[in-house]
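Examining the three-dimensional arrangement
Listed here are the chains, written in short residue letters.
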Amino acid sequence: MEAFIDYPLSVIFLTSLILLVGASEIGRRFGARSPEGAGASIATLEAAMLGLLALMLGFTFAMALSRFDARRDAILHEANAIGTAALRARLLPAPYGAESLRLFHDYVQIRLDLATRVPTPAELAAAIARSNRIQEGLWRQIKAASAKDNAMVPTGLYIQALNEMFDVQEIRLTAVRNHVPIVVVFSLYGIAMVALAFTGYASGIERRRPRFPVYLMSLLIAGVILLIQDIDRWGIGFVTVSQQPMIDTAKAINGYSADVQSEK
């Protein structure tokens, strides 16, 4: 599915519409060449193909929606994990608490920057590498703080929250990378084109049937396919996952940093 994410939604919609209208026109031409009375069973086949298309659209939409929900839950879970770890970082002695909060700020900012666009694979890899470096920096801070003050309660609470934050990053990356399988998308396009071809064929046999209903059906199906692919991508689109939990976490970390600075 990554191949589709690289294309704008407008290109996907126009391509889908051209394919579907083209399939209906090809079917119509074949139907127009058929002799009278040749379409006695075409209505049954047309209804069967449209029913199969409806089933495939519903199945694919459900797959995309479940992945959308997973990405939304992953953002909320990660924002909560980062917020908890940042809150407990205030338990660290100076200067480790302030330095850790600065790293937390950069950690959240990476996620907010990625949410404003669809990153390329290279940009995503660079962001992951930078996040891993920040994680290593946070771990060095807690190691130094433990060597200076090995109080078990605050240190243990912070390490527990930090470990959970590290684990949640992989959960979110898995949710981001988990798309509707490409074979399902191609199957959807194939079934849609065959269904529209049967509709065009029936329209060609019944020479008095106008083209407008077929074109309208093609437009609606292309719109549903667009919605499925929009929901399945995690970047910018008509339907996006709210970044408000991460924004709220960034604001909270800024407040923590201000409090630490005022305590000096």
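None of the values given here were measured: they were computed from a predicted structure.

**A word on the nonpolar core**
Core analysis: the largest hydrophobic core is formed by 36 residues, its most contacted members being Ile82, Phe104, Val108, Leu138, Tyr158, Leu162 and Met165. Only α3 (42–89), α4 (96–114), α5 (121–148), α6 (152–177) and α9 (244–263) provide two or more residues apiece to this core. It is α4 that contributes the most residues to this core, nine residues altogether. With residues near it in sequence (within four places) discarded, isoleucine 82 still touches Phe104, Tyr107, Val108, Arg111, Met165, Met246, Thr249 and Ile253. Of all hydrophobic cores here, the second largest spans 26 residues; its members include Met56, Phe68, Val184 and Ile221.

**Details of the side chain of serine 131**
Among the secondary structure elements, serine 131 is positioned in helix α5. With near-sequence residues (within four places) excluded, serine 131 lies in contact with Tyr107, Ile110, Arg111 and Gln169.

**Things to note about the environment of threonine 249**
Topologically, threonine 249 is positioned in helix α9. Through-space distance from the C-alpha of threonine 249 to that of valine 108 is 7.8 Å; in sequence the pair is 141 residues apart. Apart from the residues lying within four places of it in its own chain, the contact partners of threonine 249 are Ala79, Ile82, Gly83 and Val108.

**Let's talk about the side chain of threonine 199**
With respect to the helices, strands and loops of the structure, threonine 199 is situated in helix α7 (residues 182–205). Given a relative accessible area of 2%, threonine 199 falls into the buried group. Leave out the neighbours within four places in its chain, and threonine 199 touches Glu46, Leu50, Arg209, Val214 and Met217.

**Considering a nonpolar patch on the surface**
On the surface, Phe212, Leu216, Leu219 and Leu220 cluster together to form a nonpolar patch covering roughly 400 Å² of accessible area. As for its position among the elements, leucine 220 is in helix α8 (residues 212–232). The class for leucine 220 is exposed, based on a relative accessible area of 55%.

**A few points about the packing of aromatic side chains**
Under the definition given, this model contains one aromatic pair. Where phenylalanine 104 meets tyrosine 158, the ring centres are 6.5 Å apart and the plane angle is 80°; that geometry is what we call edge-to-face. Here tyrosine 158 lies in helix α6 and phenylalanine 104 lies in helix α4, a separation of 54 residues in the sequence. Take phenylalanine 104 and tyrosine 158: they sit in the same class, and that class is buried. Residue placement shows arginine 111 over the ring face of tyrosine 107; its charged tip is 3.8 Å from the ring centre.

**A closer look at the packing of α3 against α4**
Direction vectors running N to C along α3 and α4 enclose 165°, while the axes themselves pass 9 Å from each other. By the angle between their axes, α3 is roughly antiparallel relative to α4. Two packed elements cross with a definite hand, and for α3 against α4 that hand is left-handed. Note on element contacts: α4 touches α3 through Gly97, Ser100, Leu101, Phe104, Tyr107, Val108 and Arg111, opposite Glu78, Ile82, Ala85, Ala86 and Ala89. Tallied by class, the residues present in the contact of α3 with α4 amount to eight nonpolar, two polar and two charged.

**As for the packing of α3 against α8**
Look at α3 against α8: their axes get within 8 Å of each other, and the N-to-C directions meet at 25°. In terms of orientation, α3 lies roughly parallel with respect to α8. Once α3 is placed against α8, the crossing between them reads as left-handed. Residues Leu50, Leu53, Leu57, Thr60, Phe61, Ala64, Leu65, Arg67, Phe68 and Arg71 of α3 touch α8, and the partners they reach there are Met217, Ile221, Val224, Ile225, Leu227, Ile228, Ile231 and Asp232. Tallied by class, the residues present in the contact of α3 with α8 amount to 14 nonpolar, one polar and three charged.

Rules used throughout
- In this numbering scheme, every chain counts its residues from 1 along its sequence in written order.
- It should be noted that, the model being predicted, local features are given only for residues of pLDDT at least 70 and side-chain atom pairs only at 80 or more, the latter also being counted only at that level, while totals for whole chains, interfaces and linings use all residues.
- Hydrogen atoms and water are omitted, and side-chain values are computed over all heavy atoms in the structure.
- To qualify as a nonpolar core, a set must consist of buried Ala, Val, Leu, Ile, Met, Phe, Trp, Tyr and Cys residues joined through side-chain atoms within 4.5 Å.
- For the exposure calls, accessible area comes from a 1.4 Å probe over protein chains only, and a residue counts as buried if that area is under 20% of its type's maximum, exposed if over 50%, partly exposed in between.
- The numbering of helices and of strands both runs from the N terminus, where a helix is a DSSP run of H or I of at least 4 residues and a strand a run of E of at least 2.
- Contacts are assigned to residue pairs with any non-hydrogen atoms lying within 4.5 Å of each other.
- Here a patch means residues that are over 30% exposed by relative accessible area and free of salt bridges, tied together within 9 Å if like-charged and within 5 Å if nonpolar (Val, Leu, Ile, Met, Phe, Trp, Tyr).
- Accessible surface area values rest on a Shrake-Rupley calculation with a 1.4 Å probe, where residue burial reflects the displayed protein chains alone.
- Each salt bridge in this description consists of a side-chain nitrogen of Lys or Arg and a carboxyl oxygen of Asp or Glu lying within 4 Å of one another.
- Between the rings of Phe, Tyr and Trp (Trp by its six-membered ring), a pair exists once the centres lie within 6.5 Å; its type follows the angle of the planes, with under 30 degrees stacked, over 60 edge-to-face, and the other angles tilted.
- Placement of a positive charge over a ring is assigned whenever Lys NZ or Arg CZ falls within 6 Å of the ring centre and within 35 degrees of the normal to the ring plane.
- Every axis corresponds to a line fitted to the C-alpha atoms, with the helix fit spanning only the stretch in contact, and the corresponding angles, defined between N-to-C directions, vary from 0 to 180 degrees.
- To sort the angles, those under 35 degrees are grouped as roughly parallel, those over 145 as roughly antiparallel, those from 65 to 115 as roughly perpendicular, and the leftovers as oblique.
- By convention the crossing between two helices is left-handed if the near helix lies anticlockwise of the far one by an angle smaller than a right angle, and right-handed if it lies clockwise.
- Each residue is assigned to one of three groups, with Ala, Val, Leu, Ile, Met, Phe, Trp, Tyr, Cys and Pro labelled nonpolar, Asp, Glu, Lys and Arg labelled charged, and all others, Gly among them, labelled polar.

Function-wise, these values are silent; they only describe arrangement.
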